[in-house]
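What the coordinates show
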Amino acid sequence: MSSSPSSSPALSLRGVAKVFGRGPNAVRAVDSVDLEVVSGEVVLIQGPSGGGKTTLLTMAGGLLRPTEGTVVVAGANLAGLSDRGVSRLRLRSIGFVFQSFNLLSALTAWENVAVVKRLAGATRREAHTKAMALLSSLGLDRRATHKPADLSGGEKQRVSIARALANDPAIILADEPTANLDSARGHEVMALLRRIAKEQGRTVLCVSHDHRIRDIADRVLWLEDGRLRQILVVRDPVCGMALDESLAPLRFVQGGQTHYFCGTVCRDSYLAERRPRDAPSMQHAS
Ligand SMILES: Nc1ncnc2c1ncn2[C@@H]1O[C@H](COP(=O)(O)OP(=O)(O)O)[C@@H](O)[C@H]1O
Ligand SMILES: [Mg+2]
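Residues numbered from 1 in each chain as written. Chains lettered and ligands numbered in written order. Predicted model: local features only at pLDDT ≥ 70, side-chain atom pairs only at ≥ 80, totals over all residues. Heavy atoms only, no water.

1. A word on the packing of helix 3 (residues 109-119) against helix 5 (residues 153-164)
- Packing of helix 3 against helix 5 brings their axes to within 8 Å, and their N-to-C directions diverge by 25°. As summarised for this structure, helix 3 and helix 5 are arranged roughly parallel, according to the angle between their axes. By crossing handedness, the relation of helix 3 to helix 5 is classed as right-handed. Across the interface between the two elements, A109, N112, V113 and V116 from helix 3 touch V159, A162 and R163 from helix 5.
- For the contact of helix 3 with helix 5, the residue count by class is five nonpolar, one polar and one charged. (Axes fitted to C-alpha atoms, helices over the stretch in contact; angles between N-to-C directions. Helix = DSSP H or I, 4+ residues; strand = E, 2+ residues; numbered from the N terminus. Parallel < 35°, antiparallel > 145°, perpendicular 65-115°, else oblique. Left-handed = near helix turned anticlockwise from the far one by under 90°. Contact = heavy atoms within 4.5 Å. Nonpolar A, V, L, I, M, F, W, Y, C, P; charged D, E, K, R; others polar.)

2. Here's the deal with the domain arrangement of the chain
- Domain boundaries assigned for the chain yield domain 1 (11-104 + 169-231) and domain 2 (235-284).
- One C-alpha centre belongs to domain 1, the other to domain 2, and the line joining them spans 33 Å.
- The interface is formed by four residues belonging to domain 1 together with five residues belonging to domain 2.
- In total, domain 1 and domain 2 occlude about 370 Å² of area from one another, counting both sides; carbon and sulfur atoms represent 48% of this.
- Linking domain 1 with domain 2 are zero salt bridges.
- Taken together, the links from domain 1 to domain 2 amount to zero residue pairs in polar contact (both at pLDDT 80 or more). (Domains from an automatic or database assignment. Buried area = accessible area lost by both parts, 1.4 Å probe. Salt bridge = Lys/Arg side-chain N within 4 Å of Asp/Glu carboxyl O. Polar contact = N/O pair within 3.5 Å; in protein donor to acceptor, adjacent residues only side chain to side chain.)

3. Some details on the packing of helix 3 against helix 4 (residues 124-137)
- Following both chains from N to C, one finds helix 3 and helix 4 inclined at 130°, their axes separated by 8 Å at the closest point. Taken together, the axes of helix 3 and helix 4 are oblique relative to one another. The two elements helix 3 and helix 4 cross, and the hand of that crossing is right-handed. Between helix 3, through A109, W110, V113, A114, K117 and R118, and helix 4, the contact on the second element is made entirely by R124, A127, H128, K130, A131, M132, L134 and L135.
- The residue makeup of the contact of helix 3 with helix 4, split by class, is nine nonpolar, one polar and four charged.

4. Quick look at the sheet that holds strand 7 (residues 171-175)
- Reading across the sheet, the six strands line up as 6-7-8-3-9-10 and stay open at both edges, with mixed pairing between neighbours. Sheet topology places strand 6 (94-98) and strand 10 (227-230) at the edges, where each strand pairs with a single neighbour. In this sheet, adjacent strand axes meet at a mean angle of 20° when their direction is disregarded.
- Here strand 9 (residues 219-224) pairs with strand 10 via four bridges, running antiparallel. Note on strand 10: the bridge partner recorded for L221 is Q230.
- This element, helix 1 (residues 53-60), spans strand 3 (42-46), strand 6, strand 7, strand 8 (203-207) and strand 9 of the sheet and lies at about 155° to strand 7. (Pairing = 2+ DSSP bridges.)

5. Observations concerning the site of ligand 1
- Looking at ligand 1, the residues that line it are F20, V27, A29, P48, S49, G50, G51, G52, K53, T54 and T55.
- The separation between an oxygen atom of ligand 1 and a polar side-chain atom of T55 is 2.5 Å.
- When isolated, ligand 1 has an accessible area of 560 Å², and the protein chains bury 57% of it.
- Secondary-structure elements contributing two or more residues to the shell around ligand 1 are strand 2 (27-37) and helix 1.
- In terms of residue class, the shell around ligand 1 is built from four nonpolar, six polar and one charged. (Near = heavy atom within 4 Å. Areas by Shrake-Rupley, 256 points an atom, 1.4 Å probe, with all protein chains shown as cover.)

Here it is, written out as structure tokens:
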């Protein structure tokens, strides 16, 4: 299936809420979330553990029905579909990437990809051809006949990205895709998801508490206590670290411009290069 035109969002959530349990034990895991993501856009949702990220992503992917609100995927309102209808839409329009890869250990890399293509009705030959082409495009030609146990973490995550792409979905949903990878491999995986979004016009919605992958996103949002808010990402001019404007540990204002720092080492290094007459007014972020 091709991606939807950028004029209409590929994914739209309106007033979405999820309540688990009842009465005094009820947990409002997601609360009044509005979100639209267009084709080719990479949106990263960050926030503390327990903030509602997985719950939100699972509702966006039709794996969990919201208590309130509407979810529209590739033009289809999920509320109007039966569970079977949602499953069919999910298979065609959504690819999932998980923290723990979720590969079938008894199958080889190519079989893990092909099985998803087969579920959507492809013949054995079509599924094999597609799986090999996807693995090849992700630099995994030589790992295609290996089982997950013989692959590194980064390779496993690339196989799971190939699997997510098996049916050419409009939307890729990723839940903590870098959590089991080291920093460099995590960054590679995110760069790959970005490339897929930009080159193939797919929508990527990723939830993660990993701050190191912020530069990959077009937009970074913050989900805490089930509530979503926009965050402004600023950069430390010394180390280049991406920081949340409202949470940056240190800042100083000079000539109407605010500079943000990750800590005192970067701030002092920055100030050491300034002449005394430029001395700024220092502020600790409150
Ligand atoms: N199936 C469930 N039943 C009851 N409570 C749940 C369930 N899933 C998640 N929760 C609760 O909802 C809140 C959000 O969880 P979750 O979406 O997993 O957060 P995150 O992915 O940001 O860590 C937490 O308080 C969690 O305990
Ligand atoms: Mg989670």
